[in-house]
Structure formats: structure tokens, C-alpha cells
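# Examination of the molecular architecture
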Amino acid sequence: MPPTDPARAATLSDVAQRAGVSIATASKALNGRGDVAPGTRRRVMAAAEELTFTPNAMARGLLAGRTGTVGLLTSDLEGRFVLPILMGAEDAFGAGQVNVFLCDARGDAIREQHHLRALLSRRVDGIIVVGRQTDPRPSLGQELPVPVVYAYSPSDDPRDVSLTPDNHAGGRLAIEHLLACGRTRIAHISGDPTYAAAQDRVAGARAALADAGLDFVGEPLFAAWTEHWGRDAAAMLLERHPDIDAVFCGSDQIARGVLDTARDFGRDVPGDLAVIGYDNWEIVAANARPPLTSIDANLQQLGRQAAQRLFEAIDGVATESGTRRLPVRLVIRGSTIAHR
């Protein structure tokens, strides 16, 4: 039974042998990685305590050829979609005691290349690239010496690993909720039609309506992701189609504008007009009058999963390439179902 020599310090191999696991599993358990069963982790931690094992982080990194650092490369640090993704990724990295270098390219391709070279010169173990919208972005290429995971904005190269919210499913989920609330005359107001998010959401919504033998009342209206556009578009809709009983909005900001106009037109929300937004931007949705039902893209979870994928790639675990669309969720508030 290890170790037999009391003068010899216990090694990771000793811990693995005592716990009855592989060295790789023991390493993951001690580093707080999320892909270890709780019972296995407890067994490894108990073995480490019994053997008074105290790993030297720097020595571990040198032996593995790693620095214990990763890069987070974003194009829009001030963006409200980017920040929760970064928070989720940092949560996962913190659990694994990984240091993070954060770089903001501000949407500039030349600046991005500069930051990429700087990260590689620091010998980071891997990079997460976080985009500002869900449209595909140019790949950093296949010749980089470290693994790369793309979050929110998927890579345009199917050989890369990309994670993005499932906006098509989100559009379907919004309509299914409105149908479940008894609404059948549903209109749609969204933002910039050149955005993949706008097109994916309306496609999912149309599919759900078609399944119910319905279609939108009037053609979907596209313009900007703003409250001002929401107010103007809602006024146009209510004048042309006063019998609509629900509006699915492509963002929470648009939905806030729709609520303003509904109030101006004397329409009761949700009594005779239900309104649902998208993004679940808490400061907007929770403070709307009434509070806004919305679709949440689970961006912090997306960030955590991107970090986990990077951990796996760094550990040499085979990771499925291509774009994976992650589930979204419905958050119900008072704009679709009245509070009693």
C-alpha cells in the first residue's frame, strides 16, 4: 500500500491507487473538474487526505506541459450578451483553479489578431472566443497550437467546436406558450432582419403556428432592437389588426415598447393582449408594467459549457466538432398570465 517510505512524499499516482481510480480521474477530482462523479471525487479527496498529498500546482503544470492559464477573447466586452457568458466561463475556470486572460477586440479583426498573438505568446492552454451575436464568425483557423471553443457566435468552419443558443427552439417555445394561453391571433415584431437570431426566432415561431394550423396575423415586422421601434410597430399593428390577441417580440426592449403602446391604446395586458419578449434581460423584463414573460437563452450555462469543452480539449478528450445549439427556457411573468 502506498507510500511505504514515510520520508517519501505521496504522489498523484499514490492517491489514484489508494482511491482505485486512474491518474487522470484523480487529477480531475483534485482540480475540481465537473466531469467527475461526486462519490468518486469524495473517494479521491479522502485518499489525498489520508496520504497528506499536497500537489504543487506549478510542478503539475510543468509536467503536463501546461501553464494553468486560458484566454477569453471577446469582440464586445460591454455587450449584455457577452458578460453573462464570461461570468459562466469564469465560474467554471475558477472551480478548476485556472487563471484567465481577458481580451476585448471591440469588433476589430486586426485588434483580434493582435490579442490572439499576445495570448499565444503567454502560452495559454486554450482559448474561448465569445461573439456579440449568433451569426457565424470567421474561424481562427486550424493551425493554432492550442484548442479553441467558440461561444455564442459559432465558427464558420464545421471542424471547430461551437456553442450557441437554440433561437429556433426559442421562437417555437414562445408561440407554444401563447397557444397554451388560448391565443390564436398572434403578431410578431422583431429587430434587424440581417441578424441570424431574428430569422431563427421567426422560423421557429412560424413552425409552431403551422403545427397548430395557424399563421401570423399580418407579416412579421422587422427594424431595430429598440423600445422606440416596439412602440411604433405596435401602433401600426393595433391600427391595422385591432383583433390581435398576442404579440411575440424578438427582444425584451421591443416588448417594453409594445407594452407602452398597448397601454396608450387602452388594451389590457394580459387580459385581451398577451406580450412575450426574448432574452430575459432581468432589468428590463422584471421592471416592465406588467412584468414581462420572456425566453431566456441560459447564457451563463452556455459559458460554463464552453469552459467544460475547453477543459476536455486541453485534457485530450475527443470533443465533437460542429455547432451545438443549447436549450433555452421560458420565464413566465405577468404579461401573458395574470397574477391573482
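Residues numbered from 1 in each chain as written. Predicted model: local features only at pLDDT ≥ 70, side-chain atom pairs only at ≥ 80, totals over all residues. Heavy atoms only, no water.

## Brief notes about the pairing of strand 8 (residues 246-249)
Side chains Ala-246 and Phe-248 project from strand 8 onto one buried face, and the interleaved Val-247 and Cys-249 project onto a second face that is buried too. Relative to strand 8, strand 6 (residues 186-190) runs parallel, the two being bridged by 4 bridges. Across the sheet, His-188 pairs through a bridge with Phe-248, a residue of strand 8. Relative to strand 9 (residues 274-278), strand 8 is paired through 3 bridges, and the arrangement is parallel. (Buried < 20%, exposed > 50% of the residue type's maximum accessible area, 1.4 Å probe, protein only. Helix = DSSP H or I, 4+ residues; strand = E, 2+ residues; numbered from the N terminus. Pairing = 2+ DSSP bridges.)

## Looking at the sheet that holds strand 3 (residues 127-130)
The 6 strands are arranged 2-1-3-4-5-11 in an open sheet whose pairing can be described as parallel. The open sheet has two edge strands with one neighbour each: strand 2 (99-104) and strand 11 (322-326). Each strand of the sheet is rotated relative to its neighbour by a mean of 20 degrees, with strand direction disregarded. As paired strands, strand 1 (residues 69-74) and strand 3 are joined by 4 bridges and run parallel to one another. (Axes fitted to C-alpha atoms, helices over the stretch in contact; angles between N-to-C directions.)

## Some points on the nonpolar core
With 41 residues, the main nonpolar core has Phe-93, Ile-128, Ile-175, Leu-178 and Phe-248 as its most contacted residues. Among the elements that make up this core, the one with the highest residue count is helix 12 (residues 299-314) (7 residues). Listed in part, the 25 residues of the second largest apolar core include Ile-189, Leu-221, Leu-273 and Val-275. (Core = buried A, V, L, I, M, F, W, Y, C linked by side-chain atoms within 4.5 Å.)

## With respect to the side chain of Arg-333
Mapped onto the elements of the fold, Arg-333 is located in the segment after strand 12 (329-331). Those residues in contact with Arg-333 that sit more than four places away from it in its chain are Asn-280, Glu-282, Ala-285, Ala-286, Pro-291, Leu-292, Thr-293, Ser-294 and His-339. (Contact = heavy atoms within 4.5 Å.)

## Examining the environment of Gln-142
Residue position: Gln-142 is located in the loop between strand 3 and strand 4 (148-151). Residues in contact with Gln-142, not counting those within four places in the same chain, are Asp-157, Arg-159 and Asp-160. At a separation of 3.3 Å, a polar atom in the side chain of Gln-142 contacts the side chain of Asp-157. There is a polar contact of 2.8 Å between the side chain of Gln-142 and the side chain of Asp-160. (Polar contact = N/O pair within 3.5 Å; in protein donor to acceptor, adjacent residues only side chain to side chain.)

## Some details on helix 3 (residues 38-50)
Compared with an ideal rise of 1.5 Å per residue, which puts 13 residues at 18 Å, helix 3 spans 18 Å between its outermost C-alpha atoms and is within 8% of the ideal. Burial in helix 3 covers these residues: Thr-40, Val-44, Ala-47 and Ala-48. For helix 3, the arc enclosing every buried residue in end-on projection is 100 degrees, short of the 170-degree limit, so these residues lie on one face. Opposite the buried face of helix 3, by more than 90 degrees, sit the exposed residues Pro-38, Arg-42, Glu-49 and Glu-50. Lining the buried residues of helix 3 we find helix 1 (12-19) and helix 2 (23-30). (Expected span 1.5 Å × (residues − 1). Arc of directions from axis to C-beta.)

## Comments concerning the environment of Leu-102
Position of Leu-102 among the secondary structure elements: in strand 2. A relative accessible area of 46% means that Leu-102 is categorised as partly exposed. As for Leu-102 and Arg-324, which are separated by 222 residues in sequence, their C-alpha atoms are 24 Å apart. Apart from residues lying up to four places away in sequence, Leu-102 is in contact with Leu-72, Thr-74, Leu-77 and Leu-86.

Fair warning: the whole summary comes from geometry, so function is off the table for now.
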